[in-house]
Amino acid sequence: MAPSTVLAGARVVLPTGIVTDGRVIVEGTRIATASPADAEVIDVRGHWLVPGFVDVHNHGGGGASFSGTADEILTAVRTHRLHGTTTLVASTVTDDMDFLVKQAGLLSELAEQGDLAGIHFEGPFISPCRKGAHSEELLRDPDPEEVRRLIDAGRGRTRMVTLAAELPGGIDSVRLLAEHGVIAAVGHTDATYEQTVQAIDAGATVATHLFNAMPPLGHRSPGPVAALLADERVTVELINDGTHLHPAALELAFRHAGAGRVAFITDAMDAAGIGDGRYMLGPLEVAVSDGVARLVQGGSIAGSTLTLDRAFKRAVTVDRLPVPDVVAALSANPARLLGLADRVGSLEPGKDADLVLLDEDFDVKGVMRRGAWVVGPQLP
């Protein structure tokens, strides 16, 4: 690739809106304001240029998980990069505390190398009533000392912890996470509306896959959904795969929270980018059929096989959401949540040259990360 590259003629989605016949200039690893005379010009007319996707909740892909070896972790990372995710937080599932501490050390090393954007611990501090695809015998109450152990194990790379704040120690653990600059996420919870409000006031700022693994919205017992949707301090995760959410639930979230508080996630497991078959999610066996992952024992939905390019396409073509709102949910909002908005999440001069090239049907035709093509431009 030339030292400077100009991608010319696309519909470019900027924070200010869509620019037709736009230009994005890449110099080295960053987006630039001007290009030298010898810059390579690539004609991308008839395409969309959007920022690289940011996934804050992802357990694996490509047949590998983030609970595996370094090679397996990198396999999962590469799989999602091929689908446009240029910034990725590695999520673990409930396991033995000693294993999670050990795995945090490995994940933090890869984050220090720039392969990951941090670590998300989903469990073990979650409700057995809403455990989903987590091993019940390994669940525990969120003792602040044990939560602190995971914070420390991440060596500054622990980005988020999902917990059920109604459990003993939950509110104190939320405060502890907030004090250490770690996102406290409400999820896999049986909390009431009032308990959820208390958690938000204590510092919780994320709803882990809203609607899923929590009590449904009720007219007398509104539960966590109402509290999480209503509070401007909360970003709500949504899994837009057509399985986890009815389109009406997705629309409700967007209408009530607004496009600025939604983060599309994959909650992907090993089968993402691979296909149907038998897989492991932590210590539990999962069967994937027609792209839907369920526990072999019990049948609970076990993460997803989603990639964020599919979430993008569905949001635009099925849910009929405006492209700029979808881009915000896939890039700007999660980047801001992670504290990385100065580097990624939008196409602006000085930021990393992370971008996705999409055709008229919103299929990926190119992926660039830090100025290098992960998927070279596939042009007519």
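Please refer to the structure higher up on the page.
Throughout what follows, the structure given in this document is the object of discussion. (Residues numbered from 1 in each chain as written. Predicted model: local features only at pLDDT ≥ 70, side-chain atom pairs only at ≥ 80, totals over all residues. Heavy atoms only, no water.)

**Observations concerning the pattern of salt bridges**
Within the structure shown, the criterion is met by 19 salt bridges. Members of the salt-bridge network, linked through shared partners, are Arg30, Arg343, Asp352 and Arg370. (Salt bridge = Lys/Arg side-chain N within 4 Å of Asp/Glu carboxyl O.)

**Some details on the pairing of strand S5 (residues 48-51)**
Relative to S5, strand S1 (residues 4-14) runs parallel, the two sharing two bridges. Its bridge partner lying in S5, Val12 is registered against Leu49. Pairing of S5 with strand S19 (residues 355-358) involves four bridges; the strand directions are antiparallel. Bridge assignment links Trp48 to a residue of S19, and that residue is Leu358. (Pairing = 2+ DSSP bridges. Helix = DSSP H or I, 4+ residues; strand = E, 2+ residues; numbered from the N terminus.)

**With respect to the sheet that holds strand S18 (residues 292-295)**
A sheet is described by the order of its strands in space; here three strands give the open sequence S16-S17-S18, paired in antiparallel fashion. Only two strands of the sheet have a single partner each, and these edge strands are strand S16 (277-281) and S18. Direction aside, the axes of adjacent strands within the sheet are offset by 35° on average. One ladder, built from four bridges, connects strand S17 (residues 284-289) with S18; its direction is antiparallel. Residue pairing in the sheet places Ala287 in a bridge with Arg294 of S18. (Axes fitted to C-alpha atoms, helices over the stretch in contact; angles between N-to-C directions.)

**Let's talk about unusual backbone geometry**
Glycine aside, the phi torsion of most residues is negative, and most peptide linkages are trans. Geometrically, the link from Gly123 to Pro124 is a cis peptide bond, its omega value of 15° lying close to zero. Residue position: Pro124 is located in the loop between strand S10 (119-122) and helix H3 (144-153). With phi around 50°, Asp21 is a residue other than glycine that occupies positive phi space. With respect to the element layout, Asp21 can be found in strand S2 (residues 17-27).

**Notes on the environment of Pro3**
Mapped onto the secondary structure, Pro3 falls in the segment before S1. Spatially, the C-alpha atom of Pro3 lies 9.1 Å from that of Asp38, the residues being 35 residues apart in sequence. Leaving out residues up to four positions away in the same chain, Pro3 has contacts with Val26, Glu27 and Gly28. (Contact = heavy atoms within 4.5 Å.)

**Details of the packing of aromatic side chains**
Scanning all chains against the criterion turns up four aromatic pairs. Judged by centre distance (5.9 Å) and plane angle (35°), the rings of Phe53 and Phe312 are tilted. In this pair, Phe53 is assigned in strand S6 (residues 53-58) and Phe312 in helix H8 (residues 308-317), connecting sequence segments 259 residues apart. Judged on exposure class, the residue Phe53 and its partner Phe312 are both buried. With centroids separated by 5.8 Å and ring planes inclined at 50°, the aromatic side chains of Phe254 and Phe264 adopt a geometry described as tilted. Remark: Phe264 occurs in strand S15 (residues 262-265) and Phe254 occurs in helix H7 (residues 247-257); sequence separation between them is ten residues. For Phe254, a relative accessible area of 8% puts it in the buried group. Chaining the aromatic ring pairs together yields one cluster made of Trp48, Phe53, Phe312 and Phe362. (Phe/Tyr/Trp six-rings, centres within 6.5 Å; stacked < 30°, edge-to-face > 60°. Buried < 20%, exposed > 50% of the residue type's maximum accessible area, 1.4 Å probe, protein only.)

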